Amino acid sequence: MKRREVLKTGIGVAAALGIPHIAFSQARPVKVGLLLPLTGPFAFAGQAGLEGFRDAAEYVNEVLGGIGGRRFELVVEDTGYDVAKATAAFNRIVSRERPEELLFVYGDSTGTAKALAPEVTRLGLPFSATSFSSELADPEKYPTIYVFGPTYNDMFEALLRQIRRTKGRARVALVYSNTEFGRDPIPYAKKRAPELKMEIVHEEVTPPSLTDATPIVLNLRRANPDFVLLQGYALSAEPLILRTAREQGLKASFMGTYYSAELALIQRAGPAAEGFIVTYHNPYWYDSLNQGVQELRRFRQSKGRDVSYRTTYYMGGAAAIFTIAEAMRRAAQAGKLNRAGLAEYLEKISDYTAFGLSQGYRFVNHRLPYTKLYRANVKDGRFDAITDWITLG
Amino acid sequence: MDILPYLLGGLGNGALYSLLALGFVLVYRATSVVNFAIGEFLLVGAYLTYTLSLRLPLSLALLLALPLAFLFGLLVERGFVRPLLGRNVVAVIMATIGLAAALDGGVLLVWGADLKYFPTGLPELGFGLGGLYLSSRAVWSFLLGAPTALFLLWLLQKSRYGVLVRAISESEVAALALGIPTRRLLALVWGLSGALATLAGAMVAVAGGLGPNLVLMGLKVFPVAILGGLDSVGGAVVAGLFLGVIEALSQRFLEPLLPGFTEAVPFLLVFLVLLVRPYGLFGQREIERV
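Residues numbered from 1 in each chain as written. Chains lettered and ligands numbered in written order. Predicted model: local features only at pLDDT ≥ 70, side-chain atom pairs only at ≥ 80, totals over all residues. Heavy atoms only, no water.

### What to know about the overall build of chain A
Secondary structure summary: chain A contains 14 helices and 12 strands in total. Computed over C-alpha atoms, the radius of gyration of chain A comes to 22 Å, within 12% of the 21 Å expected from 2.2 N^0.38 for 393 residues, which places it in the range of a compact globule. If one aligns the C-alpha atoms of chain A with their principal axes, the spans along those axes are about 85 × 40 × 35 Å. Taking contacts inside chain A between residues at least 6 apart in sequence as the whole, the part at least 24 apart equals 67%. As displayed, chain A offers around 14900 Å² of accessible surface, 49% of which is attributable to carbon and sulfur atoms. Taken as two groups, the 50 positive and 41 negative side-chain charges of chain A have centres that lie 2 Å from each other. (Helix = DSSP H or I, 4+ residues; strand = E, 2+ residues; numbered from the N terminus. Rg over C-alpha atoms; globule rule 2.2 N^0.38 Å. Contact = heavy atoms within 4.5 Å. Areas by Shrake-Rupley, 256 points an atom, 1.4 Å probe, with all protein chains shown as cover. Lys, Arg positive; Asp, Glu negative; His and termini not counted. Charge placed at Lys NZ, Arg CZ, Asp CG, Glu CD.)

### What to know about a nonpolar patch on the surface
On the surface, Ile3, Leu4, Phe253, Leu254, Leu257 and Leu258 of chain B cluster together into a nonpolar patch covering about 520 Å² of accessible area. By secondary structure assignment, the location of Leu258 of chain B is in the loop between helix H10 (233–253) and helix H11 (265–276). (Patch = residues over 30% accessible without salt bridge, like charges linked within 9 Å, V, L, I, M, F, W, Y side chains within 5 Å. Salt bridge = Lys/Arg side-chain N within 4 Å of Asp/Glu carboxyl O.)

### Describing unusual backbone geometry
Residues and elements named next belong to chain A. Located in the positive-phi region is Tyr81, a residue other than glycine, with phi close to 55°. You can call Tyr81 partly exposed: its relative accessible area is 32%. For His366, which is not glycine, the phi torsion reads 60° and is therefore positive. Here His366 is to be found in the loop between helix H14 (339–346) and strand S10 (370–377). (Buried < 20%, exposed > 50% of the residue type's maximum accessible area, 1.4 Å probe, protein only.)

### Here we look at empty space enclosed by the protein
Residues and elements named next belong to chain A. The tally for this structure, following the rule as stated, stands at six cavities of 30 Å³ or more. Of the pockets and cavities examined, the largest cavity occupies roughly 470 Å³. Lining the largest cavity are 38 residues, with Tyr106, Thr130, Phe132, Tyr258 and Tyr259 positioned closest to its centre. Secondary structure elements with two or more residues in the lining of the largest cavity: helix H3 (43–62) and helix H13 (312–333). When residues in the lining of the largest cavity are grouped by element, the largest group, five residues, is from H13. In terms of residue class, the lining of the largest cavity is made up of 23 nonpolar, 14 polar and one charged. (1 Å grid on protein atoms, 1.4 Å probe; cavity = no way out; pocket = protein on both sides within 12 Å on 5 of 7 lines; lining within 4 Å. Points joined across faces, edges and corners; volume = space filled by probe spheres on them. Nonpolar A, V, L, I, M, F, W, Y, C, P; charged D, E, K, R; others polar.)

### A short note on the interface of chain A and chain B
Between chain A and chain B, the residue contacts involve 34 residues of the former and 34 residues of the latter. Of the roughly 2900 Å² buried where chain A meets chain B, counting both sides, 57% is carbon and sulfur surface. Counting every contact that joins chain A to chain B gives two salt bridges. Measuring nitrogen to oxygen at the nearest pair gives 3.3 Å for the salt bridge that ties Asp2 of chain B to Arg222 of chain A. Inspection of the chain A/chain B interface yields 13 residue pairs in polar contact (both at pLDDT 80 or more). Secondary structure elements with two or more residues in the side of chain A that touches chain B: H3, strand S6 (199–206), helix H9 (214–223), helix H10 (238–247) and helix H11 (263–269) of chain A. With seven residues, H9 of chain A is the largest single contributor of residues to the side of chain A that touches chain B. (Buried area = accessible area lost by both parts, 1.4 Å probe. Polar contact = N/O pair within 3.5 Å; in protein donor to acceptor, adjacent residues only side chain to side chain.)

### Thoughts on the sheet that holds strand S4 (residues 127–129) of chain A
Residue and element names in this part refer to chain A. Pairing in this open sheet of four strands is parallel, and the strands run S2-S1-S3-S4 from one edge to the other. The open sheet terminates on both sides in strands that have one partner only, identified here as strand S2 (72–78) and S4. Pairwise comparison of adjacent strand axes, ignoring direction, gives a mean angle of 20° for this sheet. Note that strand S3 (residues 102–107) and S4 share three bridges and pair parallel. When the bridges of S4 are listed, Gly107 appears paired with Ala129. (Pairing = 2+ DSSP bridges. Axes fitted to C-alpha atoms, helices over the stretch in contact; angles between N-to-C directions.)

### Considering the packing of helix H1 (residues 4–31) of chain B against H10 of chain B
Residue and element names in this part refer to chain B. Two numbers describe how H1 lies on H10: the axes approach to 6 Å, and their chain directions differ by 145°. Considering the relative orientation of H1 and H10, their crossing is right-handed. In this structure, H1 uses Tyr6, Leu7, Gly10, Leu11, Asn13, Gly14, Ala15, Tyr17, Ser18, Ala21, Leu22 and Val25 to contact H10, whose residues at the interface are Val233, Ala236, Val237, Gly240, Leu241, Leu243, Gly244, Val245, Glu247, Ala248, Leu249 and Arg252. Classifying every residue of the contact of H1 with H10 gives 16 nonpolar, six polar and two charged. (Left-handed = near helix turned anticlockwise from the far one by under 90°.)

### Some details on the packing of helix H9 (residues 221–228) of chain B against H11 of chain B
Residues and elements named next belong to chain B. Contact pair H9 / H11: the axes reach a minimum separation of 9 Å and the direction vectors enclose 25°. In terms of their interaxial angle, H9 and H11 are classed as roughly parallel. In this structure, H9 meets H11 at a crossing whose hand is left-handed. In contact with Pro223, Ile226 and Leu227 of H9, H11 contributes Pro266, Phe267, Leu269, Val270, Val273 and Leu274. For the contact of H9 with H11, a count of residues per class yields nine nonpolar, no polar and no charged. (Parallel < 35°, antiparallel > 145°, perpendicular 65-115°, else oblique.)

### Describing the nonpolar core
Phe72, Phe148, Phe254, Phe322, Met328 and Phe383 of chain A are the most contacted members of the largest nonpolar core, which totals 116 residues. No other element matches H13 of chain A, which puts 13 residues into this core. Both domains that meet at this core, namely domain 1 (4–150 + 285–362) and domain 2 (152–280 + 372–391) of chain A, each give it at least three residues. Contact partners of Phe322 of chain A, with chain neighbours within four places excluded, come to Ala56, Tyr59, Val60, Leu296, Tyr352, Ala354, Phe355 and Leu357 of chain A. Residues Tyr47, Val165, Leu185 and Phe222 of chain B belong to the second largest nonpolar core, which totals 82 residues. (Core = buried A, V, L, I, M, F, W, Y, C linked by side-chain atoms within 4.5 Å. Domains from an automatic or database assignment.)

### Comments concerning the pairing of S2 of chain A
The side chains of a regular strand alternate, residue by residue, between the two faces of the sheet. Residue and element names in this part refer to chain A. The sheet contact formed by strand S1 (residues 30–36) and S2 spans seven bridges and is parallel. Within S2, the residue paired with Leu35 across the bridge is Glu77. Each parallel crossover has a hand, and for S1 linked through H3 to S2 it is right-handed. (Right-handed = clockwise from strand over helix to strand, strands pointing away.)

### Some points on the domain arrangement of chain A
Residues and elements named next belong to chain A. Domain boundaries assigned for chain A yield domain 1 (4–150 + 285–362) and domain 2 (152–280 + 372–391). Taking only C-alpha atoms, the centre of domain 1 and the centre of domain 2 are 31 Å apart. With 20 residues of domain 1 at the interface, the matching set in domain 2 holds 20 residues. Summed over both sides, the interface of domain 1 with domain 2 buries roughly 1800 Å², with 55% coming from carbon and sulfur. When the buried area of domain 1 at its contact with domain 2 is split by residue, Phe132, Tyr286 and Thr312 rank highest and sum to 32% of it. Remark: the boundary between domain 1 and domain 2 carries one salt bridge. Residue Glu180 pairs with Lys114 through a salt bridge whose shortest N-O separation is 2.8 Å. Scanning the region where domain 1 abuts domain 2 turns up 11 residue pairs in polar contact (both at pLDDT 80 or more). When residues in the side of domain 1 that touches domain 2 are grouped by element, the largest group, four residues, is from H13.

Spelled out as structure tokens, the structure:
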């Protein structure tokens, strides 16, 4: 037997015996580039997300046996939540890594995702981001960009429908940060509200961080809305707005989207968070009956890692990696483990739910139009689901 | 009557701005150094307070954090400023930019990136009067900001230390030559700056929570300090209150016409004031004879 044949047999035996480390050593890895805000103002989200990405990547290699015998690797770069730094990091990764190995890139913000969109499209590189911007979910313009969740428009649609169910002819106010993230769903909300027979009675644009919310809440009090929708803060301003609203005696109900759905909001806002309604599309760590949560919990336990509460950013990161890895696995089985093949199989994994971490990857216009609504329960310090899955068309 | 709640809210927030700017102005006054790490001073101070508040009531934690922050200021002075004593002031300014990056990383290493919140608050002092409500945070900002500003004004204008600090500010080299204990005084100034930033940082963090993004609040220092005059303690107080009120009024009257405009208001004001008074509203006019 020739040396090469001996090696091939050895790799096969190693893989069959479940020793992926030995099997992986001969094959080139497949890589996912991650551009995350590991420093800077959103380091809390970036670092928590990275933990989820890493746990899931280790799970893929150690439990699922990698991708068709190839090791699944993450290439991580810090962006500091800065579009210029993220663009430089993207260029570094793309120029350093081999195109046949780097099959997917995950970016860190609406700004970054929009800046990189033309280039990832030119490269035919499958791409997603922490952003749920509606502009990215456009397969005609950006055929390789996927939004792993509902867009901000979808989230607002779910909230507006909830308002419609709660009160006919409701008065709605929009409070949002003066950022791409904040402005994204506002035109949709302004168009959709009259169709649902509600009135947008006030609009408030603010900086993304605040030292005081008094004038904002005073303006809201003058407008006297029934509901206030917050967008574009990622916990930087919501607690202050909620506390001030309570102090100033504002009676309106507050609502927010995915990035407001973290327990830190309840901890920071205290009793003022009671009843705050959010959209969220992964399970919480405390949803102990969810199979994905159980798997991740068991895996972390086996590694001797902390199994106390993991954030929504962790859940989102883990779900994204499981999905990318599954699409890669299916592409590999079809002999198409390359960028085009991965994009093709991302379109075809509608039956996959990432162990229940997602409702399912039935992409409609490259986004997943499903979410649930949760309500803040201050006494228990958690968000409780108040709806089943809402399909957003 | 409609405008009164906005004025009160603006003054409350302005008192916080003043508090933010005092530590910055004090250092500039003594050393002509623009401390670009002032946001990180706030951050470190707030995290120190948070750590103590895990075991102590917040008011006590804040009291204990102040001397620790003073020590932190001393350490910064010893490590970054003193080695550059007598050199061009630009060297120290560049050092503060490096210091800011180092402190950002240091805070992440020590306290981690996750969002934190204070387990307890300061005693509730908010009160309502008719249809008006003044928040507890605004009352605390007044209560802490007013005596602090008065003390600093007295220290700089009336005390012997103030005269010596002003002498150093005039000419560091001449002060050294005249035997003024320049090193000790500069250490004192940096220490005080650390304590003041802690007071402001803790006040902001108590209301909205604590995380690395608190560093962005440091950016508010610059328009306040420049507007008041970089070297004027009284100017920082007045400019802080003024900016707070202007922002609140802009949110009320201009925002409906020009959404997002309020964010630009402080910088627009600075621009307009600098056109007329390049040394700020209360800054010392420097006359250079060539």
